Amino acid sequence: MSDSSRSPRIVVLPGDGIGPEIVAAAIRLLDAVGDFEYDERLIGGVSIDELGTPLSDDALAACRRSDAVLLGAVGGPKWDTTDPAAPRPEQGLLGLRKGLGLYANLRPVKPLAALIDASPLRRDRIEGTDLLVVRELTGGIYFGRKDRSPDSAVDECVYTTAEIERIAVAAFEAAERRAGGGGGGVTSVDKANVLETSRLWREVVTGLADRYPAVALDHLLVDNAAMQLVADPSRFDVVVTENMFGDILSDEAAMISGSIGLLPSASLGAGSNGLYEPVHGSAPDIAGEGVANPLATFLSVAMLLRHGLDRGADAERVEDAVEGALGDGLRTADLHTGGDGERLVGTDEMTAAVIAAL
Ligand code: IPM
Ligand code: MG
């Protein structure tokens, strides 16, 4: 929590591709919500270009001192390489998550009423969906030992009991919170029929369930979970899973909301106010054209206000304003279906409309 005698300090990390455009739009929005100080730093490809590293010690230190961190996106074809020795933009993001201890990644998925028909899934399939993916973010195959020889490669997947416990607690608590103090459900997703880490995962999650008697716990294998997510998404409440499964399932779940351009995320850990970023990537193909959808970043700003700065009422204002602009028919290209009452707009116009709706 921030000291109320000064404006909260937000480190902004625009990054690559459309990152700078959507973060600039988010700052316009934040300025309309309240008084904030911004501290802008480099991350990703632009940081490689300027500083030779995707995440400088200086940028990480600034994030540690901040009240919250807002990130755009990292990566792009310019830095795409399979050379294991070359720095990659994504290492900046992973280093930040690890460096700040952000082990819990929250990715809410709830189709907005105005956009139900923009989803590639049928209305009757997705109506009523309101789920939260709780993805473990600092362990597993992403952070295990890596090795490479001329004709083989290794990515090790390790999970400790403590790592599983703390993410499971985050999921159970989220389920309680979402149900207003009691009830709710947690679906734990693993591959316990094959993977040893998954068997430990299942044991630890099951062992914690007694502490949350009001929360219903069930387990799904990840392949089945992938199917259920599109077949019957409204059956899910909180989905808790390990790092890579969560990466994949959250992109899949994003399509329920019509576009990945709508999905926000919060990455939280003990002793940090968190990192907030849209789930979509840097979209280099449309960078600089002024057409990027800023709404996932705006909804990430709402999460920043709620989880990072304890300003829940402001968070709701932002979420309502996003719904308002969509309700008025404004659509960025990724959301535009050509339907009645829709109006195709760019980043600027969408931003102005959301600010006007505040
Ligand atoms: C995400 C992204 C990242 C991830 C990449 C950019 C490293 O896909 O946040 O989902 O895999 O975690
Ligand atoms: Mg991903």
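Residues numbered from 1 in each chain as written. Chains lettered and ligands numbered in written order. Predicted model: local features only at pLDDT ≥ 70, side-chain atom pairs only at ≥ 80, totals over all residues. Heavy atoms only, no water.

**Things to note about the domain arrangement of the chain**
- For the chain, the domain assignment lists domain 1 (1-110 + 262-358) and domain 2 (120-257).
- Domain 1 and domain 2 are separated by 23 Å when their C-alpha centres are compared.
- On the side of domain 2, 24 residues touch domain 1, which itself brings 18 residues to the contact.
- Carbon and sulfur atoms make up 63% of the surface buried where domain 1 meets domain 2, a total of about 1900 Å² over both sides.
- When the buried surface of domain 1 facing domain 2 is broken down by residue, Tyr103, Arg107 and Val109 rank first, second and third, together holding 36% of it.
- In this structure, the connection of domain 1 to domain 2 is made through zero salt bridges.
- Between domain 1 and domain 2 we count six residue pairs in polar contact (both at pLDDT 80 or more) in total.
- Contributions of two or more residues to the side of domain 1 that touches domain 2 are made by helix 4 (89-99) and strand 4 (104-109).
- A total of six residues in the side of domain 1 that touches domain 2 trace back to one element, the largest contributor, which is strand 4.
- Grouping the amino acids of the side of domain 1 that touches domain 2 by side-chain chemistry returns eleven nonpolar, three polar and four charged. (Domains from an automatic or database assignment. Contact = heavy atoms within 4.5 Å. Buried area = accessible area lost by both parts, 1.4 Å probe. Salt bridge = Lys/Arg side-chain N within 4 Å of Asp/Glu carboxyl O. Polar contact = N/O pair within 3.5 Å; in protein donor to acceptor, adjacent residues only side chain to side chain. Helix = DSSP H or I, 4+ residues; strand = E, 2+ residues; numbered from the N terminus. Nonpolar A, V, L, I, M, F, W, Y, C, P; charged D, E, K, R; others polar.)

**Observations regarding the side chain of Asp190**
- In this structure, Asp190 sits in strand 8 (residues 185-190).
- Here Asp190 falls in the buried class, since its relative accessible area comes to 1%.
- A distance of 3.0 Å separates a polar atom in the side chain of Asp190 from the backbone nitrogen of Ala192.
- When near neighbours in sequence (up to four residues on either side) are disregarded, Asp190 contacts Ser198, Trp201, Arg202, His219, Leu220, Leu221, Val222 and Phe245. (Buried < 20%, exposed > 50% of the residue type's maximum accessible area, 1.4 Å probe, protein only.)

**A look at the site of ligand 1**
- Glu90, Arg97, Arg107, Arg135, Tyr142 and Asp247 make up every residue found near ligand 1.
- One nitrogen or oxygen atom from the side chain of Tyr142 is found 2.5 Å from an oxygen atom belonging to ligand 1.
- Bound to the protein, ligand 1 loses 78% of the 320 Å² it would expose on its own.
- The site holding ligand 1 turns out to be the largest pocket.
- Per-class residue counts for the shell around ligand 1 are one nonpolar, no polar and five charged.
- Each of two domains, domain 1 (1-110 + 262-358) and domain 2 (120-257), supplies a minimum of three residues to the shell around ligand 1. (Near = heavy atom within 4 Å. Areas by Shrake-Rupley, 256 points an atom, 1.4 Å probe, with all protein chains shown as cover. 1 Å grid on protein atoms, 1.4 Å probe; cavity = no way out; pocket = protein on both sides within 12 Å on 5 of 7 lines; lining within 4 Å. Sits in = over half its atoms within 2 Å of the grid points.)

**Some words on the nonpolar core**
- Formed by 64 residues in total, the largest nonpolar core has its most connected members in Leu70, Phe172, Leu295, Leu305 and Val354.
- For this core, the element with the highest residue contribution is helix 6 (residues 161-178), accounting for nine residues.
- When residues of this core are assigned to domains, at least three fall in each of domain 1 (1-110 + 262-358) and domain 2 (120-257).
- Those residues in contact with Val354 that lie beyond four places of it in its chain are Leu29, Leu295, Phe298, Ala321, Val322 and Ala325.
- Counting residues in hydrophobic clusters, the runner-up holds 19 residues, among them Phe245, Leu249, Ala253 and Val279. (Core = buried A, V, L, I, M, F, W, Y, C linked by side-chain atoms within 4.5 Å.)

**Notes on the pattern of salt bridges**
- All chains considered together, the criterion is met by 26 salt bridges.
- Between Arg41 and Asp58 there is a salt bridge; the shortest N-O distance is 2.6 Å. Of this pair, Arg41 sits in the loop between strand 2 (37-40) and helix 2 (45-51) while Asp58 sits in helix 3 (residues 57-65); the two residues are 17 residues apart in sequence, bridging distant segments of the chain.
- A salt bridge links Asp314 to Arg311, with the shortest nitrogen-to-oxygen separation between them at 2.9 Å.
- Overall, Asp314 belongs to the buried group, its relative accessible area being 13%.
- Salt bridges sharing common partners tie together Asp39, Arg41 and Asp58.

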